[in-house]
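Geometric and topological summary
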Amino acid sequence: MIYRAFFALVITVSGSMITNQTSALAAGVGPVDVPKVTPPRVTPPKVPSPKVKTPKTALPELTQEVEQTLVQTAERANLQLPVVGTVVDLQGNPLFNEVEIEPGVRVIQHEWIGVINAKQQQHLKQLPIQIIATRDLSALGLITVRFKTKPELDSKDALEQVLPKGLMQKLERHHVYSSQTAKTSLNSSASALQSAKLRCNSPVKIGLLDTAIDQQHPAFKQQKIKAQNFVIEGAVTPKNHATAVAGVLIGNQEQLKPRLSKAELYSAEVFYARNDYSQGAALDALLQGLNWLASQNIPVINMSLTGPHNDILELAIKQLSKQKIALVAAAGNNGPAAPAAYPAAYKEVIAVTAVDEKGDIYRWANQGDYIDFAAHGVSVLTTQSPDKVGYESGTSLAAPVIAAAIGCGISEGKSLIDIVNRLKKDAKDLGAKGKDPVFGYGWLGY
């Protein structure tokens, strides 16, 4: 992130934040001290001031020059941001570092993703960058390149100066996205809600962009699950999150009944383990996963993950939307004052927030104009890896409720427009009248 709102060239790096220390003016532009002189007691003759023509552009040019210097200094300081996490392989060998470029926004250190033209691929080897992978994402109509830069080139301005003009149609940092669930202590009052109202017996394909699913779980014994791994090579692939999400869709055990009994689940595995409690999904993996799901003719994709806006991810979402693929995403668990979470906040995506059994909003749920619907996502009884059933909470558990409803409608031959209109009609209006930033169109108790 470029910090423009300061005037000093002094930047202190402490922990994972940059503190801007201000002074009155930038160095070399401040006032000059003039010795105090007592004038003689005479009346000076009136002499007209000389008409000096000052170029009108002098001050703006000086201001622009100072601003550019400040920006460049900020970018150099940004390169020195401390590492907030190192991802390792099974043997404990470091694979890459995560850096927080602004509060809550993580990227893979010194890595970038670009969208390129097929005719320009031959020019990549001549550039001062390390090419990690080039992807032909034909189902998305995109060709991407993942590359690593030297520290001195690790900013958009620096890269655009060395990359041939027109080579990269889009250029973005290698953003990292997070899952959106939390374990909940046993809540007996929620037990009555575990028997979902929605029961769909029609065959339907559902796509998950998530962690791996524990396919050995007893609740999935009779279910159809097809998986493909897109996690960065060498990284550990976790199973907990998608196992819980899949349980909401197809979990079939003594305590659970599936919403989609004849569904075929397509699991795009995109998350790597940071540690036993946290996981991240890199942009490159998300793009590959979405491309694969599109190639499998999946009519609805559930994305129980959130992160920052990214031009390339948005482009992929738009491409999927053009193919009439329904996209459902968790609204986010960062709190009511948090900024919009993506991909849920893209207009092509149906954003789902979480409520408890009484219809009260989940206290950690994001809020904003992008929220479309609310579904049960607090103290949800679902599958847990390796072979347990337990309660979990979060907008990640609410999103698949809506994905299941859409998938069921599609399996019955209904159009996506008709399905969404029906959801709006069925939604119980909560909060402010009409669509609001807390519950969207309302609560769907499916």
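Residues numbered from 1 in each chain as written. Predicted model: local features only at pLDDT ≥ 70, side-chain atom pairs only at ≥ 80, totals over all residues. Heavy atoms only, no water.

Let's shift gears to the layout of surface pockets. The computed volume of the second largest pocket comes to approximately 410 Å³. In this structure, the second largest pocket is lined by 17 residues; those nearest its centre are Lys 347, Glu 348, Ile 350, Leu 416 and Val 420. Those elements that place two or more of their residues in the lining of the second largest pocket are strand 17 (326–330), strand 19 (371–376) and helix 7 (416–426). With 4 residues, helix 7 is the single largest residue contributor to the lining of the second largest pocket. (1 Å grid on protein atoms, 1.4 Å probe; cavity = no way out; pocket = protein on both sides within 12 Å on 5 of 7 lines; lining within 4 Å. Points joined across faces, edges and corners; volume = space filled by probe spheres on them. Helix = DSSP H or I, 4+ residues; strand = E, 2+ residues; numbered from the N terminus.)

This brings us to the state of the cysteines. Tallied over the full model, the rule gives 1 disulfide. For Cys 200, the disulfide goes to Cys 408, at an S-S distance of 2.4 Å. Where Cys 200 bonds to Cys 408 through sulfur, the torsion about that S-S bond is close to 90°, and the disulfide is right-handed. Here Cys 408 lies in helix 6 (residues 395–411) and Cys 200 lies in the loop between strand 9 (182–183) and strand 10 (204–210), a separation of 208 residues in the sequence. Neither Cys 200 nor Cys 408 differs from the other in exposure class; each is buried. (Disulfide = S-S within 2.5 Å. Buried < 20%, exposed > 50% of the residue type's maximum accessible area, 1.4 Å probe, protein only.)

Remark: helix 3 (residues 240–250) packs on helix 6, axes separated minimally by 9 Å, with the N-to-C direction vectors making an angle of 40°. Every pair of crossing elements has a handedness; the one defined by helix 3 and helix 6 is right-handed. Touching His 241, Ala 244, Val 245, Val 248 and Leu 249 of helix 3 are Ser 396, Leu 397, Pro 400, Val 401 and Ala 404, all from helix 6. (Axes fitted to C-alpha atoms, helices over the stretch in contact; angles between N-to-C directions. Left-handed = near helix turned anticlockwise from the far one by under 90°. Contact = heavy atoms within 4.5 Å.)

A separate point is the side chain of Asn 333. Positionally, Asn 333 belongs in the loop between strand 17 and strand 18 (350–355). Using a relative accessible area of 16% as the deciding quantity, one classes Asn 333 as buried. Polar contacts involving the side chain of Asn 333 include one to the side chain of Thr 395, which spans 2.8 Å. Each residue touching Asn 333, except ones within four places of it in the same chain, is listed here: Gln 180, Thr 181, Tyr 362, Trp 364, Asn 366, Gly 394 and Thr 395. (Polar contact = N/O pair within 3.5 Å; in protein donor to acceptor, adjacent residues only side chain to side chain.)

The next thing to look at is the packing of aromatic side chains. Using the criterion set out here, one finds 5 aromatic pairs in the structure. Seen in terms of ring centroids, Tyr 266 and Trp 292 are 6.0 Å apart; in terms of plane orientation they differ by 50°. Their pairing is tilted. Here the residue Tyr 266 occupies a position in strand 12 (residues 263–269), and Trp 292 occupies one in helix 4 (residues 283–295), the gap between them amounting to 26 residues. Overall, the relative accessible area of 5% leaves Tyr 266 in the buried class. Plain terms: the ring middles of Phe 373 and Tyr 441 are 5.6 Å apart, the flat faces sit at 40° to each other, and that makes the pair tilted. Residue Phe 373 is found in strand 19, and its partner Tyr 441 is found in the segment after helix 7; the two are separated by 68 residues along the sequence. Judged by its relative accessible area of 1%, Phe 373 is buried. (Phe/Tyr/Trp six-rings, centres within 6.5 Å; stacked < 30°, edge-to-face > 60°.)

This next bit is on the nonpolar core. General note: in soluble globular proteins, nonpolar side chains tend to be found buried as a group. Leu 260, Leu 265, Val 328, Ile 402 and Ile 406 are the most contacted members of the largest nonpolar core, which totals 47 residues. Listing elements by their share of this core, those giving two or more residues are strand 10, helix 3, strand 12, strand 17, strand 18, strand 19, helix 6 and helix 7. Among all residues touching Ile 402, those that are not within four sequence positions of it are Val 328, Ile 350, Val 352, Ala 375, Leu 423 and Leu 444. Membership of the second largest hydrophobic core comes to 43 residues, among which are Leu 137, Leu 140, Tyr 177 and Leu 287. (Core = buried A, V, L, I, M, F, W, Y, C linked by side-chain atoms within 4.5 Å.)

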